[in-house]
Amino acid sequence: MSEFTGYDPTIENRDAIKASSVEIAFTMRDFSVPDQIDPRPFMRHDKQGSMGSCQGFSLTNSCEFVWAIAQGGFSPERQLSALFAYLESQRQSNGLLGTDRGSTIEAGLKVATQIGLLPERDLPYRTPYPSNARTLITDDMRMKAFPYQIGSHTWLDSYDAIFRYLASGVGAVHTGTIWNDSFYSRNGVLESVNLRNGGGHATAWLGYSKRKDSRGRNYIWRLNSHNDSWTEIAPSVIDALCRHSWTSIVGVSDLSTPIPRPEKVSWVVARPLG
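My aim in this report is to walk through the structure given alongside it, one point at a time.

Rules used in this analysis
- Chains are numbered independently. Their residues run from 1 in the order of the written sequence.
- Local features in this predicted model are restricted to residues of pLDDT 70 or higher, and side-chain atom pairs are both shown and tallied only at a pLDDT of 80 or more, whereas totals for entire chains, interfaces and linings draw on every residue.
- Side-chain metrics rest on all non-hydrogen atoms present in the structure, leaving aside hydrogens and water.
- When two rings of Phe, Tyr or Trp (its six-membered ring) have centres within 6.5 Å they constitute a pair, described as stacked for plane angles under 30 degrees, edge-to-face for angles over 60, and tilted for the intermediate range.
- Each helix is a run of H or I in the DSSP string that is no shorter than four residues. Each strand is a run of E no shorter than two, and both are numbered from the N terminus.
- Here's how the labels work: a residue is buried when its accessible area is under 20% of the maximum for its type, exposed when over 50%, partly exposed in between, all with a 1.4 Å probe on protein chains only.
- Our definition puts a charge over a ring when NZ of Lys or CZ of Arg is within 6 Å of the ring centre and also within 35 degrees of the ring normal.
- Salt bridge, as used here, is a side-chain nitrogen of Lys or Arg placed within 4 Å of a carboxyl oxygen of Asp or Glu.
- Buried residues of nine kinds, namely Ala, Val, Leu, Ile, Met, Phe, Trp, Tyr and Cys, make up a nonpolar core once their side-chain atoms join them within 4.5 Å.
- Note on contacts: a residue pair qualifies if any of its non-hydrogen atoms lie within 4.5 Å across the two residues.
- For two strands to pair, DSSP has to find at least two bridges joining them.

1. Focus on the packing of aromatic side chains
Then step 1. Applying the stated criterion to the full structure yields 11 aromatic pairs.
Then step 2. When the centroid spacing of 6.0 Å and the interplanar angle of 75° are considered together, the rings of Tyr86 and Tyr129 count as edge-to-face. Taken together, the positions of Tyr86 in helix α3 (residues 82-91) and Tyr129 in the loop between α4 (105-115) and α5 (133-136) put the pair 43 residues apart, joining distant regions of the chain.
Then step 3. For Tyr86, a relative accessible area of 0% gives the class buried.
Then step 4. With a centroid separation of 6.3 Å and 85° between ring planes, the pair formed by Trp221 and Trp230 is classed as edge-to-face.
Then step 5. Overall, the relative accessible area of 14% leaves Trp230 in the buried class.
Then step 6. Three or more aromatic residues link up through ring pairs in this structure, and these residues are Phe42, Phe65 and Phe74.
Then step 7. Seen from the ring of Tyr219, Arg211 lies directly overhead, with NZ or CZ sitting 5.8 Å from the centre.
Then step 8. The cationic tip of Arg217 hangs over the ring face of Tyr159; the distance from NZ or CZ to the ring centre is 5.0 Å.

Take a look at the structure:
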C-alpha cells in the first residue's frame, strides 16, 4: 500500500461493524439544527509521529468529544490514551499485537464498548512502537479504562447520515478510509480527492463549519493525527468516500439508544473559533 499510516482498509471487517450497529430512529425534523459545531478551540491536536497508531488517535479523539458532549465541556481528566487504544485494538485483531502494523475500526469499537479507554495520564503517548507491546497493558489499566466505555456505534453510509449524527449531538464520527497525498489539505479546505490509488488512514470527524456547498450542505470538520490538523471536508468528498468499498464510517456515542440532544453541544456552538 503506497500510503500506509496505520490503517489497512483491506483487512477491515465491515460486515461485523454493520451487524452490531445501532440504527438511528429519528429524523432531522425532530430537533433544531445548530448553525455550526466547531470543536477546534477545545480539542487537542497530537500527532502520531512514526507509529501506525492513527486508528487509536481517531478513536480517542472521537471519544474525548463524546464525553465532552455528555459532560458539557472538555476536561484534562477525560483526555484518553491513544497508545492504549492502539495496542488494545491490536490485541483484538489476530496477529497484529507485537508489530507496528496498525489496527482496525472493528477492533477499536470492541475496545471502546467492552473494555473502555484509558486516561492519557496513565499511559502517555510515545514513539517508537514499544518493544514490550505484548505486556505493556496491565489489568490495572483496563480497570481504569472501564468508566470510559461507549454505549453504541452506528454505521453511517451517507453525508446526510453523518450530518444528522453530528448535528443531533449524539456523538462523534470515527472513520477509516483510503488515503493518499490528495487527502492532505493545502489551505485547510478539502474540495476533491483521488480515490484511484493509496493506502489507508483513520481520522475523526467532530463537527461542521458554516461553509456550505451549492446544495446548502455544511462542510465537515476533520481532525487528522498525521501532518495537517483541522480540515473542512467538502460534502462531495464525503459522497465519494461513502461510495468507496474500503470506507468505514461509524458514529460513536455514550448513549446506548441514540436520541437527539442538540442542547448538549450548545457550548461548542456558542464559542466558535475565528
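2. Some words on the pattern of salt bridges
Then step 1. In total, this model carries 14 salt bridges according to the counting rule given.
Then step 2. Arg44 is paired through a salt bridge with Asp46; the nearest N and O atoms lie 2.7 Å apart.
Then step 3. Classification of Arg44 by relative accessible area gives buried; the value is 18%.
Then step 4. Judged by its relative accessible area of 32%, Asp46 is partly exposed.
Then step 5. For Glu88, the salt bridge goes to Arg91, with nearest N and O atoms at 2.7 Å. Of this pair, Glu88 and Arg91 both sit in helix α3, separated by three residues, roughly a single helical turn.
Then step 6. Residue classification places Arg91 among the partly exposed residues on the basis of a relative accessible area of 31%.
Then step 7. One salt-bridge network, in which partners are shared between bridges, spans Glu88, Arg91, Asp139 and Arg142.

3. Brief notes about the nonpolar core
Then step 1. Phe84, Leu87 and Trp205 are the most contacted members of the largest nonpolar core, which has 80 residues in total.
Then step 2. With residues up to four places along the chain from it excluded, the contact list for Phe84 reads Val111, Ile115, Gly116, Leu117, Leu118, Leu123, Ile137, Met141, Arg142 and Ala145.

4. Things to note about helix α7 (residues 159-167)
Then step 1. The buried fraction of α7 is high, at seven of nine residues.
Then step 2. Of the positions making up α7, those classed as buried are Tyr159, Ala161, Ile162, Phe163, Tyr165, Leu166 and Ala167.
Then step 3. As for α7, its buried residues are in contact with β1 (152-155), β2 (172-179), β4 (199-212), β5 (218-223), α8 (235-243) and β7 (248-253).
Then step 4. After α7 finishes, the residue Gly169 shows a positive phi value of roughly 80°.

5. Some remarks on the sheet that holds strand β3 (residues 189-190)
Then step 1. Sheet architecture is open: seven strands sit in the order β1-β7-β2-β4-β5-β6-β3, paired in mixed fashion. Lying at the two open borders of the sheet, with one neighbouring strand each, are β1 and β3.
Then step 2. In this sheet, β5 lies alongside β4 in antiparallel orientation, the contact comprising five bridges. Across the sheet, Trp205 pairs through a bridge with Arg222, a residue of β5.

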